[in-house]
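Commentary on secondary and tertiary structure
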Amino acid sequence: MKIREISEKLCADIVCGEDQLDCEVFTACSSDMMSDVLAFVKDQAVLLTGLVNPQVIRTAEMMDMRCIVFVRKKVPTEEMKCLAEEAGIVLMKTQMRMFEACGILYEAGLKGHVEDGVCDA
Amino acid sequence: MPDDVVRFCFDVDGDDFSSAGAASVEVKKRLRQLGISPEVIRRVAIAMYEGEINMVIHADGGKALVEVTPDEVRMTLEDHGPGIADVELAMQEGYSTARENIRSLGFGAGMGLPNMKKYTDTMHIDTEVGRGTTVVMTVKI
Ligand SMILES: Nc1ncnc2c1ncn2[C@@H]1O[C@H](COP(=O)(O)OP(=O)(O)O)[C@@H](O)[C@H]1O
Ligand SMILES: [Mg+2]
């Protein structure tokens, strides 16, 4: 799925990274605990979270993620936007809650993990 | 051969949670410039990031040294915080002394030290209550 489609399906506003909306992603994860993301995530390209602080961006950067979706009307700060731009990560925000947003993306074909041999380049 | 070693040093500020992880981001960038493989870089970055966060939330900051040899990346994280009374207990998944304010920032799940061990090839903790903690981790290239 293209990152653009994620923003469309979640009626999300793009905060930064507009030039990367055609990037293809296959997997996603959701958490408000960054330690869990660091512990259990492997090759997920999209992070959905309700947490707003610079560590969210750094965590995604450490995991080589491509896109962060802020749910529940959370708004990333200017500092976070700068960090994301530098890291080449797309930020978007949606009014939807976590469960709803995850369900929509799952139904649309985003998976929770990478199948053997398939991954997002 | 000492000439083969590339070194990076960083001060980790203990007063500023929002800047925690800045050293790890920088290390990632430098390792990429050195042509290290993405998988190795990711393991180093995650281990170092968790270690850096620990120095900020548990030990009031410290120093990080990263050395790259032809065989491995070695990270040395040194602080003069409270030390760890029971390392075996601290290593257990889910064990954390972090307070609620840290949890609300997305950390303090007690997964940091186990993560650091999981993503590195060797990890050694040298700690003394009241003196501080030094964590040395290596990842083979
Ligand atoms: N550098 C440190 N200085 C003092 N105590 C530490 C340090 N690193 C870890 N600890 C102790 O070990 C516990 C477990 O650490 P960790 O697994 O990273 O979980 P968390 O950071 O989420 O609490 C911490 O809660 C803390 O009590
Ligand atoms: Mg920790």
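Our subject is the structure listed above.
The structure reproduced in this document is the subject of the present report. Predicted model only: the values in this text are computed from it and were never measured.

What counts and how
Residues numbered from 1 in each chain as written. Chains lettered and ligands numbered in written order. Predicted model: local features only at pLDDT ≥ 70, side-chain atom pairs only at ≥ 80, totals over all residues. Heavy atoms only, no water. Near = heavy atom within 4 Å. Polar contact = N/O pair within 3.5 Å; in protein donor to acceptor, adjacent residues only side chain to side chain. Areas by Shrake-Rupley, 256 points an atom, 1.4 Å probe, with all protein chains shown as cover. Helix = DSSP H or I, 4+ residues; strand = E, 2+ residues; numbered from the N terminus. Nonpolar A, V, L, I, M, F, W, Y, C, P; charged D, E, K, R; others polar. Contact = heavy atoms within 4.5 Å. Buried area = accessible area lost by both parts, 1.4 Å probe. Salt bridge = Lys/Arg side-chain N within 4 Å of Asp/Glu carboxyl O.

Here we look at the site of ligand 1
Residue and element names in this part refer to chain B. Neighbouring ligand 1 are 20 residues; His-58, Ser-96, Thr-97, Gly-110 and Leu-113 lie closest to it. Between ligand 1 and Asp-79, the relevant distance is 2.9 Å, taken from a nitrogen atom to a side-chain nitrogen or oxygen of the residue. Taken by itself ligand 1 offers 530 Å² of open surface, and the protein chains cover 94% of this. Going through the elements one at a time, α2 (38–59) and α5 (112–119) are the ones with two or more residues in the shell around ligand 1. Sorting elements by how many residues they give to the shell around ligand 1 places α2 first, with four residues. The residue inventory of the shell around ligand 1, partitioned by class, reads ten nonpolar, nine polar and one charged.

As for the interface of chain B and chain A
Between chain B and chain A, the residue contacts involve 27 residues of the former and 23 residues of the latter. In this assembly, chain B packs against chain A so that about 2,000 Å² is buried in total across both faces, 51% of it on carbon and sulfur atoms. For the pair chain B and chain A, the interface holds two salt bridges. Here A:Asp64 makes a salt bridge to B:Arg42, at a shortest N to O gap of 3.2 Å. Put simply, chain B and chain A have 14 residue pairs in polar contact (both at pLDDT 80 or more) between them. Contributing elements (two or more residues each) for the side of chain B that touches chain A: α1 (22–33), α2 and α5 of chain B. Sorting elements by how many residues they give to the side of chain B that touches chain A places α2(B) first, with six residues.

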